[in-house]
Amino acid sequence: MPDFGLTDGYVVHDDLDQGEVFSPLLWCIFYDPLLCKVKRQADGCGYRFNSHVISGCGCAESQADVSSFFAADAFVDDTIWVDSSQSVTQHILNVVSEFFNINDILINNDKTVAIFINCDGMASSLLISRSPISIAKKEESHRYLGIYLLTEGLSKPSLAKTHSDVRFFSSLVLKKAISNKQLSYLVSVVLFPIIGYRTQFSYILISSCRMWNTLICKNLRSKSGLPRDFPNDAIHYPSLYGLKTFEQVQAESKLASVVSFTNSVGILGRLFSHQSHDMQVLYWHPLHLLQCPVRVKVNPLNNFLAGVVHIFSGCDLSLGGSLTSTFCHWGGTSMSLVLGELNYVKSDSLLWHYRIAFIDQLRDQNGTVFE
C-alpha cells in the first residue's frame, strides 16, 4: 500500500515464468521429483554405458566391468528421456505423463519428437499424455538446447549447421556497412563462441577449418581495402588483426571440454571416463592417450576422444598432473618409451595379444631382458 493508494490487483497463478533470473532454479525444484523417480526405477530405466576396464597386465592383470546409465535430463522446461528399449521408453513416458497430469501441464506435441538412433527394425509410435509422438525421419535433424540431433547421432547435423552458420555470417557481414575492426570483433565474440558451442562434441576437419578461414579473411580484406593476394597468415598475425583461426578455436574449445569432463562427477565425466578406458585398452597404451597423444586409427568424426587426440597430437599438447588421477593406467617403464611412439603404434596389436605393456615383463629372474 503506497502513499498514493492501492496498486492494481495481481492474480497469483500456479505456473512458472521463464523470463525471471531465478526461473532455472524454480524449474530444477519443480522437476526434481520426476527426474529422481525415473532415475531410480527398479526395472533399470535409462541407457547404459559399459566399459571393460583392465588394471595391470600379464600375470598381474585384473579385469572388471564398469557401467553407468543415463535416463533423463532437463533444462528449464526442455526435457529429454533416454532408453535403449522402446518398451521401457514408453514406461518412462507413462510416468512423465502422470506427473504432467497431476500438475496440470499441457504438452506441446508440435515440439515433441522421438529420435531412434541405430534402430534396426521399424520404429512404432510412442505416446505421451495419450497423444502420439512424431518420429524423426532419417535425414531430419531436430534442435535441443542449441545442438542438433539426427537418427545417425550428433556429429553430422552439428557440423552441417556449423557450416551453414559460417556461410550465413560471411554473406551477411559482407553486405553491412561496418569497418574491418568491427568485423574482427564480431567474429571473435559472436561467431567463434557459436562454433565452439555447436561443435563441443564434434570434430571439425582441417579442410573445413581452412575453408572457413578463407571466407572470413576474404571479408576482412574487403572491409580493409586490401588486395586479393594479401596472405591469410598476415591477417592472423597478432600484431595486425590477431584473429584466431578456426583450428585454434577448436583446439581451445576441446581443451576446455576435456578439463571440464575430467573434473566432472556427472554423466559427462563418466561417459568420458568410459571412452578413455575403451580407447586406451584398444590401443594397448600404458598411458592415457591424452597424456602422450599419438595419431589413432579411429575416425575422429565418429569418436569425440579420437578427435581430441588428433588435435592434441597436432598441437603437441598433453595432459598431466592431477588431471590424470582418474585415468586408467598401469605402472613401470612402458614399451612405448623403449620402442618409440611410431614403432609402438605399429606393434600395438601384437603387444595386446601377449598382454605386454612394460619392459619389466620381458625380464627374467636376474633382471635380464629376453632376446
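It should be noted that the structure appears before, not after, this text.
As the structure is a prediction and not an experimental result, all values here were calculated from the model.

Rules of the game
Residues numbered from 1 in each chain as written. Predicted model: local features only at pLDDT ≥ 70, side-chain atom pairs only at ≥ 80, totals over all residues. Heavy atoms only, no water. Helix = DSSP H or I, 4+ residues; strand = E, 2+ residues; numbered from the N terminus. Buried < 20%, exposed > 50% of the residue type's maximum accessible area, 1.4 Å probe, protein only. Contact = heavy atoms within 4.5 Å. Areas by Shrake-Rupley, 256 points an atom, 1.4 Å probe, with all protein chains shown as cover. Salt bridge = Lys/Arg side-chain N within 4 Å of Asp/Glu carboxyl O. Patch = residues over 30% accessible without salt bridge, like charges linked within 9 Å, V, L, I, M, F, W, Y side chains within 5 Å. Pairing = 2+ DSSP bridges. Axes fitted to C-alpha atoms, helices over the stretch in contact; angles between N-to-C directions. Core = buried A, V, L, I, M, F, W, Y, C linked by side-chain atoms within 4.5 Å. Phe/Tyr/Trp six-rings, centres within 6.5 Å; stacked < 30°, edge-to-face > 60°. Parallel < 35°, antiparallel > 145°, perpendicular 65-115°, else oblique. Nonpolar A, V, L, I, M, F, W, Y, C, P; charged D, E, K, R; others polar. Left-handed = near helix turned anticlockwise from the far one by under 90°.

What exactly am I supposed to notice about the overall build of the protein chain here?
A count of helices and strands for the protein chain gives eleven helices and nine strands. Counting every position in the protein chain, which comprises 371 residues, the buried fraction comes to 38%. When contacts within the protein chain are restricted to residue pairs at least 6 apart in sequence, long-range pairs at least 24 apart make up 59% of them. Accessible surface for the protein chain amounts to roughly 22100 Å². Of this, 56% is attributable to carbon and sulfur atoms.

Sorry, what's going on with unusual backbone geometry here?
What is expected of a backbone is that most residues other than glycine have negative phi and most peptide bonds are trans. The backbone of S129 sits at a positive phi, close to 55°, despite the residue not being glycine. Mapped onto the fold, S129 is located in the loop between β6 (126–128) and β7 (131–135). You can call S129 partly exposed: its relative accessible area is 34%. Even without being glycine, R130 reaches a positive phi, approximately 65°. With respect to the secondary-structure elements, R130 resides in the loop between β6 and β7.

Explain the pattern of salt bridges here, please?
Where charged atoms from two side chains of opposite charge approach closely, those side chains can pair. Taken as a whole and assessed by the stated rule, the structure comprises three salt bridges. Between R198 and D165 there is a salt bridge whose closest N-O contact spans 2.6 Å. With R198 in helix α4 (residues 180–198) and D165 in helix α3 (residues 155–175), the pair connects residues that are 33 residues apart, well separated along the chain. Residues R198 and D165 agree in their burial class; the two are buried. Residue K244 is joined to E252 by a salt bridge in which the shortest nitrogen-to-oxygen separation is 2.9 Å. When salt bridges that share partners are traced, they join K161, D165 and R198 into one network.

What's the story with a nonpolar patch on the surface in this structure? I'm lost.
Together, F22, L25, L26 and I29 line one region of the surface with nonpolar side chains, adding up to about 400 Å² of accessible area. In this structure, L25 sits in helix α1 (residues 23–39). Given a relative accessible area of 55%, L25 falls into the exposed group.

Honestly, the sheet that holds β6 in this entry has me stumped. Any pointers?
By definition, the strands of a sheet pair up through backbone hydrogen bonds, in either a parallel or an antiparallel sense. With mixed pairing, the three strands of this open sheet are ordered in space as β5-β7-β6. In this open sheet, the two strands that pair with only one neighbour each are β5 (113–114) and β6. Sheet analysis places β5 next to β7, joined by two bridges and oriented parallel. Directly across from A114, in β7, lies its bridge partner I135. On top of the sheet, helix α2 (residues 86–102) reaches β6 and β7; it is set at about 10° to β6, its chief contact.

Hey, could you run me through the nonpolar core in this one?
One broad rule of soluble globular proteins: the nonpolar side chains tend to lie buried together. Counting residues in hydrophobic clusters, the biggest one holds 22 residues, and the most contacted among them are Y31, L34, V38, W81, V96 and F100. The element that contributes the greatest number of residues to this core is α2, accounting for seven residues. Grouped together as the second largest cluster of nonpolar side chains are 21 residues, L183, L191, I235 and L243 included.

What should I look at first to understand the packing of aromatic side chains in this one?
Any aromatic ring pair is given by two values, namely how distant the centres are and how the planes are angled relative to each other. Evaluated as defined, the whole model comprises eleven aromatic pairs. Geometrically, the ring pair formed by W27 and F30 is edge-to-face, given 5.9 Å between the ring centres and 90° between the ring planes. One end of the pair, W27, and the other, F30, are both in helix α1, three residues apart, so they sit about a helical turn from each other. Pairing Y31 with F100 gives two aromatic rings, centres 6.4 Å apart and planes at 70°, and the pair type is edge-to-face. Linking Y31 in helix α1 with F100 in helix α2, this pair joins segments that are 69 residues apart in sequence. Take Y31 and F100: they sit in the same class, and that class is buried. Following the ring pairs from residue to residue traces out a cluster consisting of W27, F30, Y31, F99 and F100.

Where do I start with the packing of helix α7 (residues 246–262) against helix α8 (residues 267–282) in this structure?
Packed helices, taken two at a time, are described by their axes: the angle between them and the distance between them. In the contact formed by α7 and α8, the axes pass within 8 Å of each other and the chain directions differ by 100°. The pairing of α7 with α8 is recorded here as roughly perpendicular in orientation. In this structure, α7 contributes V258, F261 and T262 to the contact, and α8 contributes L268, G269 and F272. For the contact of α7 with α8, a count of residues per class yields four nonpolar, two polar and no charged.

Where do I start with the packing of α7 against helix α9 (residues 304–315) in this structure?
Here α7 crosses α9 at 120°, and the two axes come no closer than 10 Å. Put simply, α7 runs oblique to α9. The handedness of the crossing between α7 and α9 is left-handed. Mapping the contact onto sequence places Q250, A251, K254, L255, S257, V258 and F261 in α7 and F304, V308, I311, F312 and C315 in α9. For the contact of α7 with α9, the per-class residue count stands at nine nonpolar, two polar and one charged.

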